[in-house]
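Structural overview for review
If you want the building blocks of each chain, they are given just below.
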Amino acid sequence: MSRLGISEAFAKYGATLCNPQWSVSAWAPDGSLVVSLWDHHYRKGLPGTMEFTDSLGRWSGHGNVELRKNIARAYAAGSNVRLVIVKTDEIASVEAGEDARTIKKDFFIRDDLVGTVIDLEGEEYVFQFRKR
């Protein structure tokens, strides 16, 4: 995994964040959705997969509004999803919905994986990734 800033990580997929201060998702020119997902939201999926799950109700703001729209669009269209993993030691702050702009974090691309939104029910969503 390569270690980068968020804008650099998204640029590796050809995607540009609407606002690097709050965006956590963006569309790439190839039609895939690029998302940054918290490493601690990983869960074991089917063999050969990685899954990430979270609730849109855990936090708020412009990035949340944008992510809601992007996840819904990707889910409806069955779009490919590309992964930027976000790691932090301040997990309790993230889970409490605190402003993530103030949390120390690192970004890593996983360009060896391609995924889809496999579930979107109310506030809950699940992304599943497989090796390309």
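Residues numbered from 1 in each chain as written. Predicted model: local features only at pLDDT ≥ 70, side-chain atom pairs only at ≥ 80, totals over all residues. Heavy atoms only, no water.

Secondary structure summary: the protein contains three helices and eight strands in total. Reading the protein from its N terminus to its C terminus gives the helix and strand order β-α-β-β-β-β-α-β-α-β-β. Expected size for 132 residues packed as a compact globule is a radius of gyration near 14 Å; at 13 Å, the protein falls within 12% of this value. The burial tally for the protein puts 45% of its 132 residues in the buried class. (Helix = DSSP H or I, 4+ residues; strand = E, 2+ residues; numbered from the N terminus. Rg over C-alpha atoms; globule rule 2.2 N^0.38 Å. Buried < 20%, exposed > 50% of the residue type's maximum accessible area, 1.4 Å probe, protein only.)

Here we come to the pairing of strand β3 (residues 33-38). In regular strands, side chains alternate between the two faces of the sheet. Of all six residues in β3, six are buried, a share of seventy percent or more. By the alternation rule, side chains of β3 split into Leu33, Val35 and Leu37 and Val34, Ser36 and Trp38, which are all buried. Examined bridge by bridge, strand β2 (residues 25-27) and β3 share three bridges and lie antiparallel to one another. Within β3, the position partnered with Trp27 by the bridge is Leu33. Linking two consecutive strands that pair antiparallel, namely β2 and β3, is a turn of five residues; a positive phi of about 90° is found at Gly31 within it. Strand direction decides the pairing type here: β3 and strand β6 (residues 81-87), joined by six bridges, are parallel. (Pairing = 2+ DSSP bridges.)

This part covers the pattern of salt bridges. Going through the model one piece at a time under the given rule, you end up with six salt bridges. With a shortest N-O distance of 2.7 Å, Arg101 and Asp99 are connected by a salt bridge. Among the residues examined, Asp99 registers a relative accessible area of 36% and is labelled partly exposed. Of the charged contacts, one joins Lys131 and Asp112 as a salt bridge, the two residues approaching to 2.9 Å between their closest N and O atoms. Taken together, the residues span a long stretch of sequence, with Lys131 in strand β8 (residues 124-131) and Asp112 in strand β7 (residues 106-121) at a distance of 19 residues. Taken together, the shared-partner salt bridges in this structure form one network comprising Arg110, Asp112 and Lys131. (Salt bridge = Lys/Arg side-chain N within 4 Å of Asp/Glu carboxyl O.)

Counting buried positions along β6 yields six of seven residues, so the element is predominantly enclosed. Judged from the six bridges that link them, β6 and β7 form a sheet pairing that is antiparallel. By the bridge assignment, Val81 is partnered in β7 with Gly115.

The predicted model of the protein has a mean per-residue pLDDT of 94, with 98% of residues at 70 or higher. Ranking the helices and strands of the protein by mean pLDDT puts β2 first, with 98, and strand β1 (residues 2-4) last, with 63. (pLDDT = per-residue confidence, 0-100.)

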